[in-house]
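A look at the structure
What follows is each chain in one-letter form.
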Amino acid sequence: MRISDPQIVARLTKLAVELQPGISLADQTSLGIGGTADLLRIKKHESIPHLMKLLDSNHIPHKFLGGGSNLLVGDGELPWVMLQLVGPEPDVVLEGNLAHVDAAADLGRTVTFCAKNDLGGMEGLIGVPGTVGGALRMNAGAYGMQIGSYVREVKLYRAAERKIEFLRGHQISFEYRHTSFAPDDMMLSVTLELPSKPFKEILQGIRICNEKRRASQPLGQKSAGCIFKNPAGASAGRMIDELGLKGHAVGDAQVSDRHANFFVNAGKASAKDMLALIADVRGRVQKAFGVELENEVVVWNA
Ligand SMILES: Cc1cc2nc3c(=O)[nH]c(=O)nc-3n(C[C@H](O)[C@H](O)[C@H](O)COP(=O)(O)OP(=O)(O)OC[C@H]3O[C@@H](n4cnc5c(N)ncnc54)[C@H](O)[C@@H]3O)c2cc1C
């Protein structure tokens, strides 16, 4: 979606929203797949209700883009504008055991910054790319932990009320890669309450998680992490592996030969290739195991 009306462009400037016309989503996503759209970079939280009103009244559909590490975006001209937050400096402020973090902050950098200040708990999130906002929305987690467990309060734009609000942690349900936020809610910042731990101890935990990732994931390749959620009591990767599908490909979209639930862009894969591979693998797992795999990757395909 392109914004060309000069009046809308002028209004965006007044709202401190930077318009980057026709960016490639292939350059913004860890899979390296996706067509083009205008990107709106939001510099002030306060301008969001006005921006949403402007977009709604001009019938401009939008999507929220974090770090693009859990996205499979369609090919060609996309029918949405992308909204992305620009974080303040500093984007993490500590107050005792509380970390006040902007949603645009890099997740890995946040974990490390907290660790250096003797705040732990998030060791498992090291190696999870993307932003804190994306991690909140997805309830990112690994190695037995999830970010939702540490959320004390979230500042968000609530689409239904058309305003910025605060939710306490207990008002939000955080489940396996699922949260109770409404689809159009936008995460703006979060207060995490983290346990005190000596840096050395946290570092040891981080090293163990890094080792596990290096040993099992195709870290040098373009991917979006796990494609499918694990069904209750089972492993999607194990089922795919048991079917001998490691290396199985549609065009340049390929089941990783290191981790069967990671699908990689081994060259110039299109969204069409990746979607065909996902459908093919899902069909084979359904036929062999009677299990319908659910996407963990978020698909934006018109
Ligand atoms: C190599 C690799 C390893 C990974 N390992 C893990 C893992 O161990 N555990 C895990 O949970 N995930 C993992 N992932 C997936 C991914 O990194 C996480 O889901 C991450 O938290 C997504 O954050 P993001 O900022 O990149 O979000 P994006 O990919 O940009 O967006 C994901 C979803 O969040 C929404 N979103 C983003 N920002 C906001 C916002 N501010 N407000 C509202 N909605 C928003 C988007 O609209 C979209 O629906 C991995 C990915 C890769 C590439």
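Remember, it's a predicted structure, so these values are computed and weren't measured experimentally. (Residues numbered from 1 in each chain as written. Predicted model: local features only at pLDDT ≥ 70, side-chain atom pairs only at ≥ 80, totals over all residues. Heavy atoms only, no water.)

Topic: the sheet that holds strand β2 (residues 36-42)
Pairing is mixed across the open sheet formed by four strands, whose spatial order is β1-β2-β5-β3. The sheet is open, and its two borders are formed by β1 (17-24) and β3 (62-64), each paired with just one other strand. When the angles between neighbouring strand axes are averaged without regard to direction, this sheet yields 30°. Note: β2 against strand β5 (residues 81-85), four bridges, orientation parallel. Across the sheet, residue L40 finds its bridge partner in β5, namely L83. (Pairing = 2+ DSSP bridges. Helix = DSSP H or I, 4+ residues; strand = E, 2+ residues; numbered from the N terminus. Axes fitted to C-alpha atoms, helices over the stretch in contact; angles between N-to-C directions.)

Points about the layout of surface pockets
The volume enclosed by the second largest pocket comes to roughly 160 Å³. Together, 15 residues line the second largest pocket, and H100, V101, D102, S189 and V190 are the ones closest to its centre. Elements that contribute at least two residues to the lining of the second largest pocket include exactly β6 (92-95), β7 (98-102), β10 (151-158) and β14 (186-193). Taken together, the residues that form the lining of the second largest pocket break down as eight nonpolar, three polar and four charged. (1 Å grid on protein atoms, 1.4 Å probe; cavity = no way out; pocket = protein on both sides within 12 Å on 5 of 7 lines; lining within 4 Å. Points joined across faces, edges and corners; volume = space filled by probe spheres on them. Nonpolar A, V, L, I, M, F, W, Y, C, P; charged D, E, K, R; others polar.)

Remarks on empty space enclosed by the protein
Using the criterion set out here, one finds one cavity of 30 Å³ or more in the structure. For the largest cavity, the calculated volume is near 30 Å³. V111, C114, A115, L119, G120, G121, M122, E123 and I202 together form the lining of the largest cavity. In terms of residues, the lining of the largest cavity owes the most to one element, helix α3 (residues 107-116), which gives three residues.

Focus on unusual backbone geometry
Omega for the peptide link from E89 to P90 comes to -5°, which places this bond in the cis form. Looking at the element boundaries, P90 is found in the loop between β5 and β6. If you check the backbone angles, H59 has positive phi at about 55° while not being a glycine. Take H59: it is sitting in the loop between α2 (48-57) and β3. Among the residues examined, H59 registers a relative accessible area of 69% and is labelled exposed. At D118, a position not held by glycine, the phi torsion is positive, near 65°. Summarising the element assignment, D118 is placed in the loop between α3 and α4 (132-138). (Buried < 20%, exposed > 50% of the residue type's maximum accessible area, 1.4 Å probe, protein only.)

Remarks on the environment of P88
With respect to the element layout, P88 can be found in the loop between β5 and β6. Spatially, the C-alpha atom of P88 lies 7.4 Å from that of D102, the residues being 14 residues apart in sequence.

Quick notes on the domain arrangement of the protein
One can read the domain layout of the protein as domain 1 (6-85), domain 2 (92-200) and domain 3 (218-300). Here the C-alpha centroids of domain 1 and domain 3 sit 28 Å apart. Taken together, the 16 residues of domain 1 in the interface contact 18 residues of domain 3. Summing the contributions of domain 1 and of domain 3, the shared interface buries around 1400 Å²; its carbon and sulfur component is 63%. Together, L31, N70 and L72 form the three largest contributors to the area buried by domain 1 at its contact with domain 3, with a combined 45%. Applying the counting criterion to the domain 1 and domain 3 interface returns zero salt bridges. (Domains from an automatic or database assignment. Contact = heavy atoms within 4.5 Å. Buried area = accessible area lost by both parts, 1.4 Å probe. Salt bridge = Lys/Arg side-chain N within 4 Å of Asp/Glu carboxyl O.)

Topic: the environment of K246
Looking at where K246 falls in the secondary structure, it is placed in the loop between α6 (236-242) and β16 (249-250). Separated by ten residues in sequence, K246 and S256 have C-alpha atoms that sit 5.8 Å apart. When sequence neighbours within four positions are dropped, the list of residues in contact with K246 reads D241, V255, S256, D257, R258, H259 and A260.

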